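# Residue-level structural notes
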Amino acid sequence: MTSELTVNDHVPIQLRTEALEDLLVERGLIDRAVMDNFIKTYEQDVGPLNGAKVVAKAWTDPEYRERLLDNGTTAVAELGFKGPQGEHIVVVQNSADVHNVVVCTLCSCYPWPLLGLPPAWYKDPAYRSRVVKEPRQVLSEMGLDVPESKEIKVWDSSSEVRFFVLPERPAGTDGLSEEELVPLITRDAMVGVAVVGSP
Ligand code: FE
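Residues numbered from 1 in each chain as written. Predicted model: local features only at pLDDT ≥ 70, side-chain atom pairs only at ≥ 80, totals over all residues. Heavy atoms only, no water.

## Some words on helix α9 (residues 125-133)
When we look at burial in α9, the residues that qualify are Y127, R128 and V131. Seen end-on, α9 carries its buried residues on one side only, within an arc spanning 100°. Residues of α9 that are exposed and angled more than 90 degrees away from the buried face: P125 and K133. Buried residues in α9 make contact with β2 (98-103), α8 (120-123), α10 (135-141), β3 (151-156) and α12 (187-191). Its side-chain oxygen at 2.8 Å from the backbone nitrogen of A126, D124 defines the N-terminal cap of α9. (Buried < 20%, exposed > 50% of the residue type's maximum accessible area, 1.4 Å probe, protein only. Helix = DSSP H or I, 4+ residues; strand = E, 2+ residues; numbered from the N terminus. Arc of directions from axis to C-beta. Contact = heavy atoms within 4.5 Å. Polar contact = N/O pair within 3.5 Å; in protein donor to acceptor, adjacent residues only side chain to side chain.)

Following this line, the structure appears as C-alpha coordinates:
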(Lines give C-alpha, C1' and ligand atoms only; values in the text may rest on other atoms or scores of the structure.)
Protein backbone atom coordinates (compact mmCIF):
# COMPACT_ATOMS: atom_id res chain seq x y z
CA MET A 1 0.00 0.00 0.00
CA THR A 2 2.71 2.40 1.02
CA SER A 3 4.85 1.60 -2.01
CA GLU A 4 1.84 2.07 -4.30
CA LEU A 5 1.25 5.56 -2.91
CA THR A 6 4.91 6.40 -3.35
CA VAL A 7 4.84 5.29 -6.97
CA ASN A 8 1.69 7.34 -7.66
CA ASP A 9 3.31 10.41 -6.19
CA HIS A 10 5.98 10.17 -8.83
CA VAL A 11 3.63 9.74 -11.78
CA PRO A 12 3.55 13.04 -13.67
CA ILE A 13 0.37 15.01 -13.10
CA GLN A 14 -0.47 14.89 -16.82
CA LEU A 15 -0.53 11.08 -16.83
CA ARG A 16 -2.63 10.98 -13.69
CA THR A 17 -5.06 13.47 -15.24
CA GLU A 18 -5.31 11.40 -18.42
CA ALA A 19 -5.94 8.23 -16.40
CA LEU A 20 -8.72 9.99 -14.51
CA GLU A 21 -10.23 11.29 -17.75
CA ASP A 22 -10.15 7.78 -19.27
CA LEU A 23 -11.94 6.41 -16.24
CA LEU A 24 -14.64 9.09 -16.36
CA VAL A 25 -15.19 8.46 -20.08
CA GLU A 26 -15.28 4.69 -19.56
CA ARG A 27 -17.93 5.04 -16.86
CA GLY A 28 -19.97 7.33 -19.12
CA LEU A 29 -19.71 10.29 -16.74
CA ILE A 30 -18.22 12.64 -19.31
CA ASP A 31 -18.25 12.84 -23.10
CA ARG A 32 -14.83 13.57 -24.60
CA ALA A 33 -16.24 15.64 -27.48
CA VAL A 34 -18.24 17.81 -25.09
CA MET A 35 -15.16 18.32 -22.90
CA ASP A 36 -12.97 19.25 -25.88
CA ASN A 37 -15.55 21.73 -27.12
CA PHE A 38 -15.87 23.26 -23.67
CA ILE A 39 -12.11 23.73 -23.29
CA LYS A 40 -11.82 25.16 -26.82
CA THR A 41 -14.54 27.71 -26.07
CA TYR A 42 -12.76 28.99 -22.97
CA GLU A 43 -9.33 28.92 -24.61
CA GLN A 44 -10.27 30.64 -27.85
CA ASP A 45 -13.56 32.47 -27.54
CA VAL A 46 -13.74 33.66 -23.95
CA GLY A 47 -10.81 35.64 -22.64
CA PRO A 48 -9.62 38.78 -20.85
CA LEU A 49 -11.17 40.99 -23.55
CA ASN A 50 -14.52 40.49 -21.78
CA GLY A 51 -13.11 41.73 -18.49
CA ALA A 52 -11.45 44.66 -20.25
CA LYS A 53 -14.84 45.74 -21.66
CA VAL A 54 -16.30 45.67 -18.14
CA VAL A 55 -13.44 47.80 -16.78
CA ALA A 56 -13.60 50.33 -19.63
CA LYS A 57 -17.34 50.73 -19.12
CA ALA A 58 -16.86 51.19 -15.37
CA TRP A 59 -14.22 53.86 -16.01
CA THR A 60 -16.47 55.85 -18.34
CA ASP A 61 -19.92 55.29 -16.84
CA PRO A 62 -20.16 56.16 -13.11
CA GLU A 63 -23.60 54.60 -12.77
CA TYR A 64 -22.38 51.34 -14.26
CA ARG A 65 -19.37 51.44 -11.94
CA GLU A 66 -21.72 51.72 -8.97
CA ARG A 67 -23.81 48.78 -10.14
CA LEU A 68 -20.64 46.75 -10.76
CA LEU A 69 -19.31 47.32 -7.25
CA ASP A 70 -22.75 46.71 -5.78
CA ASN A 71 -23.42 43.41 -7.59
CA GLY A 72 -20.70 42.17 -9.92
CA THR A 73 -22.64 39.18 -11.22
CA THR A 74 -25.65 41.10 -12.49
CA ALA A 75 -23.57 44.05 -13.76
CA VAL A 76 -21.32 41.85 -15.93
CA ALA A 77 -24.39 39.94 -17.13
CA GLU A 78 -25.67 43.28 -18.50
CA LEU A 79 -22.82 43.01 -21.02
CA GLY A 80 -23.70 39.38 -21.73
CA PHE A 81 -20.96 37.79 -19.63
CA LYS A 82 -22.15 34.82 -17.61
CA GLY A 83 -21.64 31.07 -17.34
CA PRO A 84 -19.59 28.56 -15.35
CA GLN A 85 -17.35 30.08 -12.65
CA GLY A 86 -19.22 33.36 -13.07
CA GLU A 87 -22.19 32.67 -10.84
CA HIS A 88 -21.02 34.94 -8.02
CA ILE A 89 -18.56 37.65 -9.02
CA VAL A 90 -17.44 40.28 -6.54
CA VAL A 91 -15.58 43.31 -7.90
CA VAL A 92 -12.94 44.99 -5.72
CA GLN A 93 -11.75 48.46 -6.64
CA ASN A 94 -8.16 49.70 -6.64
CA SER A 95 -7.63 53.23 -5.39
CA ALA A 96 -4.91 55.63 -4.31
CA ASP A 97 -4.93 53.89 -0.92
CA VAL A 98 -5.63 50.24 -1.69
CA HIS A 99 -4.26 47.69 -4.14
CA ASN A 100 -6.24 44.45 -4.50
CA VAL A 101 -4.87 41.10 -5.63
CA VAL A 102 -6.75 37.84 -6.20
CA VAL A 103 -5.71 34.25 -5.50
CA CYS A 104 -7.39 30.89 -4.99
CA THR A 105 -5.47 29.34 -2.12
CA LEU A 106 -7.31 26.02 -2.47
CA CYS A 107 -7.12 25.39 -6.22
CA SER A 108 -7.65 27.75 -9.15
CA CYS A 109 -11.08 29.42 -8.86
CA TYR A 110 -11.20 32.25 -11.39
CA PRO A 111 -13.91 34.32 -13.13
CA TRP A 112 -13.98 32.40 -16.44
CA PRO A 113 -16.66 34.50 -18.20
CA LEU A 114 -14.50 37.61 -17.72
CA LEU A 115 -10.94 36.32 -18.03
CA GLY A 116 -11.09 32.91 -19.73
CA LEU A 117 -8.99 30.11 -18.25
CA PRO A 118 -6.43 30.94 -15.55
CA PRO A 119 -2.72 31.22 -16.45
CA ALA A 120 -0.26 28.61 -15.15
CA TRP A 121 1.22 30.90 -12.49
CA TYR A 122 -2.25 31.41 -10.96
CA LYS A 123 -2.45 27.64 -10.36
CA ASP A 124 1.11 27.41 -9.07
CA PRO A 125 1.26 26.33 -5.39
CA ALA A 126 4.01 28.90 -4.78
CA TYR A 127 1.83 31.82 -5.90
CA ARG A 128 -1.17 30.46 -4.00
CA SER A 129 0.61 30.13 -0.69
CA ARG A 130 3.06 33.02 -0.84
CA VAL A 131 0.84 35.85 -2.09
CA VAL A 132 -1.21 35.53 1.10
CA LYS A 133 1.78 35.70 3.42
CA GLU A 134 4.01 38.17 1.59
CA PRO A 135 1.95 39.91 -1.12
CA ARG A 136 4.28 42.90 -1.49
CA GLN A 137 7.26 40.65 -2.09
CA VAL A 138 5.43 38.35 -4.54
CA LEU A 139 4.03 41.30 -6.53
CA SER A 140 7.49 42.84 -6.66
CA GLU A 141 8.91 39.58 -8.05
CA MET A 142 6.15 39.67 -10.69
CA GLY A 143 7.22 43.17 -11.68
CA LEU A 144 4.81 45.29 -9.67
CA ASP A 145 6.20 47.48 -6.92
CA VAL A 146 3.30 48.69 -4.79
CA PRO A 147 4.17 51.89 -2.90
CA GLU A 148 4.60 51.36 0.87
CA SER A 149 1.86 53.95 1.39
CA LYS A 150 -0.69 51.64 -0.23
CA GLU A 151 -2.42 48.85 1.64
CA ILE A 152 -2.48 45.50 -0.20
CA LYS A 153 -5.64 43.43 0.16
CA VAL A 154 -5.55 39.76 -0.86
CA TRP A 155 -8.85 38.15 -1.88
CA ASP A 156 -9.25 34.37 -1.79
CA SER A 157 -11.54 33.20 -4.57
CA SER A 158 -13.49 30.00 -4.02
CA SER A 159 -16.36 28.02 -5.48
CA GLU A 160 -18.66 30.41 -3.59
CA VAL A 161 -17.26 33.71 -4.83
CA ARG A 162 -14.85 34.81 -7.54
CA PHE A 163 -13.11 38.13 -7.14
CA PHE A 164 -12.27 40.52 -9.97
CA VAL A 165 -10.11 43.64 -9.69
CA LEU A 166 -11.26 46.97 -11.08
CA PRO A 167 -7.89 48.63 -11.78
CA GLU A 168 -7.25 52.36 -11.47
CA ARG A 169 -7.69 54.33 -14.68
CA PRO A 170 -4.19 55.47 -15.67
CA ALA A 171 -3.15 59.10 -16.08
CA GLY A 172 -3.25 60.53 -19.57
CA THR A 173 -6.41 58.72 -20.64
CA ASP A 174 -8.98 61.46 -20.01
CA GLY A 175 -9.65 62.00 -23.69
CA LEU A 176 -10.01 58.31 -24.57
CA SER A 177 -13.32 56.65 -25.35
CA GLU A 178 -14.53 53.38 -23.86
CA GLU A 179 -13.42 51.54 -27.04
CA GLU A 180 -9.99 53.17 -26.96
CA LEU A 181 -9.47 52.21 -23.31
CA VAL A 182 -10.19 48.49 -23.81
CA PRO A 183 -6.82 47.53 -25.39
CA LEU A 184 -4.89 49.09 -22.48
CA ILE A 185 -6.48 46.77 -19.90
CA THR A 186 -4.58 43.53 -19.30
CA ARG A 187 -5.53 40.23 -17.70
CA ASP A 188 -2.85 40.65 -15.04
CA ALA A 189 -4.27 44.04 -14.03
CA MET A 190 -7.68 42.44 -13.49
CA VAL A 191 -6.14 39.78 -11.24
CA GLY A 192 -4.15 42.49 -9.45
CA VAL A 193 -0.59 41.39 -10.21
CA ALA A 194 -0.10 44.41 -12.48
CA VAL A 195 -1.57 47.88 -12.97
CA VAL A 196 -2.83 49.46 -16.18
CA GLY A 197 -0.09 51.62 -17.66
CA SER A 198 -0.56 55.00 -19.34
CA PRO A 199 -0.75 54.81 -23.13
FE1 FE B 1 -10.20 27.19 -6.56
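## Looking at the coordination of the iron ion
For the iron ion, the full set of protein donor atoms is C104 (SG), C107 (SG), C109 (N) and C109 (SG), and the range of their distances to it is 2.1 to 2.6 Å. Around the iron ion sit four donor atoms; with metal-centred angles ranging over 80 to 135°, the donor geometry is irregular. Mapping the donors of the iron ion onto the primary sequence gives the spacing C-x2-C-x1-C. According to the relative accessible area criterion, C107 is partly exposed, its value standing at 34%. The exposure class assigned to C109 is buried, which follows from its relative accessible area of 7%. (Donors = N, O, S within 2.8 Å, 3.2 Å for Na, K, Ca; no water. Tetrahedral: all angles 85-135°; square planar, octahedral: opposite > 155°, others 65-115°.)

## Thoughts on helix α4 (residues 48-60)
One full turn of an α-helix is made of 3.6 residues, so residues set three or four places apart face in the same direction. Helix length check: α4 (13 residues) gives 19 Å between terminal C-alpha atoms against 18 Å at 1.5 Å per residue, within 8%. Looking only at α4, the buried set comprises N50, G51, A52, V54, V55, A56, K57, A58 and W59. (Expected span 1.5 Å × (residues − 1).)

## Let's talk about the pattern of salt bridges
On inspection of all chains with the given rule, the structure shows nine salt bridges. One salt bridge connects E21 with R32, and the closest N-O pair in it is separated by 3.1 Å. You can see E21 sitting in helix α2 (residues 13-26) and its partner R32 sitting in helix α3 (residues 32-45), a full 11 residues away along the chain. Its salt-bridge partner being K150, residue E168 comes within 2.9 Å of it at the nearest N-O pair. Of this pair, E168 sits in the loop between β4 (162-166) and α11 (178-181) while K150 sits in the loop between α10 and β3, and the two are 18 residues apart along the sequence. For K150, a relative accessible area of 13% gives the class buried. Beyond isolated ion pairs, a larger network of salt bridges with shared partners links E21, D22 and R32. (Salt bridge = Lys/Arg side-chain N within 4 Å of Asp/Glu carboxyl O.)

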